[in-house]
Every structure is written in structure tokens, then in C-alpha cells.
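# Architecture at a glance
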Amino acid sequence: MGSFKITGGKKLKGEIIPQGAKNEALQILCAVLLTKEPVTIHNIPDIRDVNKLIDLLESMGVKTRKLGPGSVEFTAADVDFSYFESEQYKDKAAQLRGSVMLLGPMLGRFGKGRAPKPGGDKIGRRPLDAHFVGFQKLGATFSYDSDDAFYHVDGDKMRGSYIWMEEISVTGTANVIMAAVVTPGTTTIYNAACEPYLQQLCKMLNRMGAKITGVGSNLLTIEGVHELSGCEHTMLPDMIEIGSFIGLAAMTESEITIKNCRIPELGIIPDVFKKLGIQMEFRGDDIYVPAQKHYQINRLIDGSILTVYDAPWPGFTPDLISIVLVTAIQAKGTVLIHQKMFESRLFFTDKLIDMGAQIILCDPHRATVIGINREYNLRGIRMTSPDIRAGVALLIAALSADGTSIIDNIDQIDRGYQNIDGRLNALGAEIVRI
Ligand SMILES: CC(=O)N[C@H]1[C@@H](OP(=O)(O)OP(=O)(O)OC[C@H]2O[C@@H](n3ccc(=O)[nH]c3=O)[C@H](O)[C@@H]2O)O[C@H](CO)[C@@H](O)[C@@H]1O
Ligand SMILES: C=C(OP(=O)(O)O)C(=O)O
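Throughout, residues of each chain are indexed from 1 in the direction in which the sequence is written. For naming, the first written chain is A and the first written ligand is 1, with later ones following in the order written. In keeping with the model being predicted, local features are shown solely for residues with a pLDDT of at least 70 and side-chain atom pairs are shown and tallied solely at 80 or more, while totals for entire chains, interfaces and linings include all residues.

## Thoughts on the sheet that holds strand β10 (residues 186-190)
- The strand order across the open sheet built from four strands is β9-β10-β12-β11, with neighbouring strands paired in mixed fashion. Strands at the two margins of the open sheet, each flanked by one partner only, are β9 (162-164) and β11 (211-213). The sheet shows a mean angle of 15° between the axes of neighbouring strands, taken without regard to direction.
- One ladder, built from three bridges, connects β9 with β10; its direction is parallel. Following the sheet pairing, Y162 is matched in β10 by T188.
- Each residue gets a C-beta atom placed from its backbone, and two residues are in contact if those atoms lie within 7 Å. Axis geometry follows a simple rule: fit a line to the C-alpha atoms, using only the stretch in contact for helices, then measure angles between N-to-C directions, giving values from 0 to 180 degrees. Strands are runs of DSSP state E lasting at least two residues, helices are runs of H or I lasting at least four, and both sets are numbered from the N terminus onward. Most of the contacts of helix α6 (residues 170-180) go to β10, to which it runs at about 170°, and overall it touches β9, β10, β11 and β12 (219-223). Two strands qualify as a pair provided that DSSP identifies no fewer than 2 bridges between them.

In C-alpha cells, the structure reads:
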């Protein structure tokens, strides 16, 4: 497990290009299994979870051809199904959350799918019921072997049907869509998640010959087709990275231009940071964040305290709640942060309190941040990154702090942020990988 040694207090300056979106990449890469024809993907982020998924695809027989930085051609002509029963598959697939989305395409194309209990962040309960209920509605049978935590789905004679998603689950919706596109008949998915990741997936599948309507809404209609063909797809910039860079700029009083953000796809993300008082300018498709000594958290119309909370899209993504929380530390004013979806994502605030932040953790879902308005700086400490977004929140805190900080367990950060030390050091940060 690696660590970062951070010398805080440096002001950053310059341009940064966001990586391709992690959570989109995990869906799109699973979708290559749906066709025997080549699929070319561009803007693939070079991050641990994505590289593990590519390795998994290769191990099951998918041919890959590197076309350039971030561009790979995948051909799933010969998939070795016996691999899915191997110990190696169980071990590798259990290391990331995204591997669960191999089930939908396997079920759709081969009539059976296998997956271990997936990995990913330990941020509270992350049930998979919505995935399996969806497959069952299509006519698949489901069993779970609790001895080796392995899921089996089988469905030779599936038919399109009406599916009400038990939860507005991102990966669950992706899974059910990927099974349904090649299942005969009409499938209606109501209460579907509709994050840009899913919109991108649906657009790609439609280019492959799928018939999905309602893209971008919570009601999808899918006319099953016999088979899909190859296509070309380019990943959106990672909206979570973009939000992280906005927060980083504000906390460290830095002047940063975030390039090529695809601003219309960011939903309310910029607005939420603006509510913390952070100024930004949209310059074409770039977001320019000026160096700001002070930023003042808005109050509600009646003068009461602002709440920032997560919700399924088009609400505010839970993956940026930790970043908003850390950014509020040096603001003027008070904000209540409410992480509604996950019950174990706010415990990292203890470390921020050790650094000098004024935060009250009200309960596992809510924390009040009383901004210190740069009356003093945080102080560097040694800490461990509990999950990917808390990890980056701690990195932002460390970059803004006086003195040196060490962040352990940075594998968590590398799961989702490409060469974050190198890219931030290029803007003037001092982060050493130890
Ligand atoms: C690989 C991937 O794409 N990971 C993302 C995906 O995970 P993932 O798809 O695994 O998460 P889900 O969308 O299934 O939801 C996560 C949890 O939130 C709760 N829940 C969900 C929806 C809802 O309306 N109410 C509710 O309480 C459920 O307990 C659920 O277990 O979506 C999450 C929610 O945006 C993100 O944090 C993850 O980064
Ligand atoms: C929770 C996240 O990832 P995963 O679902 O891969 O654990 C995340 O990206 O913030």
C-alpha cells in the first residue's frame, strides 16, 4: 500500500485536463462483451479499476489492440466461458465494483452470467437486489452461493418485460439495460437511474444497433434485437474529477483552468460549488476558477443554513459530497452536508477535525461544517484514505494545510484518479509518492 507525502500551503496555477469518466468507463467496457465485432473506445482513463477490468476482459478471451493514448479496440469474438468459473476470475472480479456489470452482457449474449460479490468502496450497504430482481423479471433464474460469495444468473429463454427498479441504482440499471437490449420483446425499465454514465451507455448501445428510447429519463423502453454490431465510443470527461478540481482550487486559493469539461453534461455540479461562494467562469468549454482568498456560503432565502445533499441524477452526485464538505472548511459561513445514500462515507471527517477543521458529525449521514474563513490554516497530519472520494478530500485538505501530511492507503485514490500526484505537481503542488 503506497502513501503520499504532501507539503501543504502551495498555491497551484495552470491548466488541467480531466480524465475520462471512471464510472462510465466501467459500464462501457462491460458492454464490449455484447458483440463479436470490434468496438473502439477513446478517452479511457488510466486508473486502477479500469485497468483491472481490461485485464479481466483479456483473461476471458477479449482481444485488445492499443490504438493510442486512451484508445483501445476490443473484440469479444471468442469468450472463454469456463474462465468465469475459475478461482482467478473470482479473485480478480471481486476487486472492483464495476465487475458486477459483466453479468448483464453475459446473460444477454450467452444466456448465463457469473460474478463474485464485487469490491469497490466500503461506504455502507451496497445491495445488489435491484440487479437480480431486474434479471428475474426478464425470466432469468438467480442463485447465490454464500460459501464463496458467487452469483449465478441463467436465462436461456428470457423475454422483455416491465421492470420497476427496486432502487435507482446506477450499476443495476446498466446491468438490466445490457441484458435487455438483446432479449426478445419489449422491456420497460421504470425508476431507472439516468446519470450521464447511463446516457452514454445507451447512446453507445443504440449506435451498436440497440433500440432504446427515453434516454436521459427514468423511463426506458427497449425493443430487444437479435444481435449488436461494433461501434466507436468516446468517454465523457470525469465529472467527479472536475468537481474535485473546483474544490481543490477554492481550498488552496489557486487559479486553475479545467479544460474541455463538456459543461452541459455536468448538471448542477457547478451550481452547488457556486452555492459555497466559489466564483468560476465558463470560458467556452473550460471552467476557470480564479484564486479566491474568501468565499462565502449562501444562505437559504429565509436566512437559514444551506444544506447540500445527494440524490440520484439529476440530483447532486453522492460522489462529490466529501469534496463539498472539505471545500466548505475554509469558506465563510455554515453548511449542513447530508450524505443520504451511504451510511459510512462521512467518518473521515475525524481526520479533518484533527487537522483543525470546525466540523460536527451529527450522525453517520450528516455533518455541519462551520467555515473558518482562513482565520487559520489546517495543520498537516498522518492519515489513511478510507475510500476514493474521502481520499481526495483528504488530499485537498493536506494541500491547503501548513506543514507536511502523509496519506496512507493511496491505492484507494489510484482506483479513480489518473496520476493525480503528477498532474497536480505540474500545477505547483508538492506530492511525493512514498
Ligand atoms: C461503479 C459505479 O458506477 N459506482 C457508482 C454507483 O455505484 P452503485 O451503482 O453500486 O450504487 P447504487 O446506485 O446501486 O446505489 C448505491 C446505494 O445507494 C442507496 N441508494 C441508491 C439510490 C437511491 O435512490 N437511494 C439510495 O438509498 C442504496 O442503498 C444503494 O446501495 O452509483 C453510486 C451512486 O451514485 C456511486 O456512488 C458510485 O460511484
Ligand atoms: C464509490 C465509488 O466507486 P465504486 O462504486 O467503484 O466503489 C466512487 O467512484 O466514488
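## So, α6
- Counting buried residues in α6 gives eleven out of eleven residues, a clear majority hidden from the surface.
- Counting other C-beta atoms within 10 Å of a residue's own tells you its class, since 20 or more makes it buried, 12 or fewer makes it exposed, and anything in between is partly exposed; those C-beta atoms are placed from the backbone. Residues of α6 that are buried: V170, T171, G172, T173, A174, N175, V176, I177, M178, A179 and A180.

## Examining the domain arrangement of the chain
- In terms of domain boundaries, the chain breaks down into domain 1 (3-19 + 237-433) and domain 2 (22-234).
- Each domain span listed reflects an automatic or database assignment of domains. Taking only C-alpha atoms, the centre of domain 1 and the centre of domain 2 are 31 Å apart.
- Along the lines of polarity and charge, the residues of the side of domain 1 that touches domain 2 split into six nonpolar, four polar and eight charged. Amino acids are sorted into nonpolar (Ala, Val, Leu, Ile, Met, Phe, Trp, Tyr, Cys and Pro), charged (Asp, Glu, Lys and Arg) and polar (every other residue, Gly among them).

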